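# Remarks on the overall topology
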Amino acid sequence: QVQLVESGGGLVQAGGSLRLSCVASGSTFSINTMGWYRQTPGKQRELVAFISSGGSTNYGDSVKGRFTISTNNAKNTVYLQMNSLRPEDTAVYYCYARKSINNYWGQGTQVTVSS
């Protein structure tokens, strides 16, 4: 089992920045991907970004050029640096980790961007 705990969400004005963190604990050996999804009420969960154990990254089209995903493997932590935030980025952001065929999810952290 893998446990994920997110932090760093909050309220920010449009154009501002936030950094989300997600710490993995438990059986973290051989996690091959970590990343972030987001969800707003009535909509499906949307990919924000993920990073593989080899360092390859992928971003959702709506965040390319504004968000950056990174990891600190020694701390089992994944970060999401969010710049130039827009009101449409408002959502609950969920951290996830993939290990073998299993996906693990955090509880989510709210990000609210005011106009």
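The following refers to the structure shown.

For the rest of this paragraph, the subject is the nonpolar core. Counting 28 residues, the largest nonpolar core has L4, M34, W36, L80, M82 and Y93 as its most contacted members. The set of elements that each furnish at least two residues to this core consists of β1 (2-7), β3 (18-26), β4 (33-39), β5 (46-52), β7 (67-72), β8 (77-82), β9 (91-99) and β11 (109-114). Discounting chain neighbours no more than four positions away, the residues touching L4 are C22, V23, A24, M34, C95, Y96, A97, Y104, W105, G106 and Q107.

Positionally, G15 belongs in the loop between β2 (10-13) and β3. G15 gets classed as exposed once you look at its relative accessible area, which sits at 54%. Sequence separation of G15 and Y93 is 78 residues, and the distance between their C-alpha atoms is 18 Å. Beyond its immediate stretch of four places on either side in the chain, G15 contacts S84 and L85.

So, about unusual backbone geometry. Glycine aside, the phi torsion of most residues is negative, and most peptide linkages are trans. With a phi angle near 50 degrees, S84 is a residue other than glycine that sits in the positive phi range. Of note, S84 is situated in the loop between β8 and β9. We classify S84 as partly exposed; its relative accessible area is 42%.

Here is what the cut-offs are and how they apply
Residues numbered from 1 in each chain as written. Predicted model: local features only at pLDDT ≥ 70, side-chain atom pairs only at ≥ 80, totals over all residues. Heavy atoms only, no water. Core = buried A, V, L, I, M, F, W, Y, C linked by side-chain atoms within 4.5 Å. Buried < 20%, exposed > 50% of the residue type's maximum accessible area, 1.4 Å probe, protein only. Helix = DSSP H or I, 4+ residues; strand = E, 2+ residues; numbered from the N terminus. Contact = heavy atoms within 4.5 Å.

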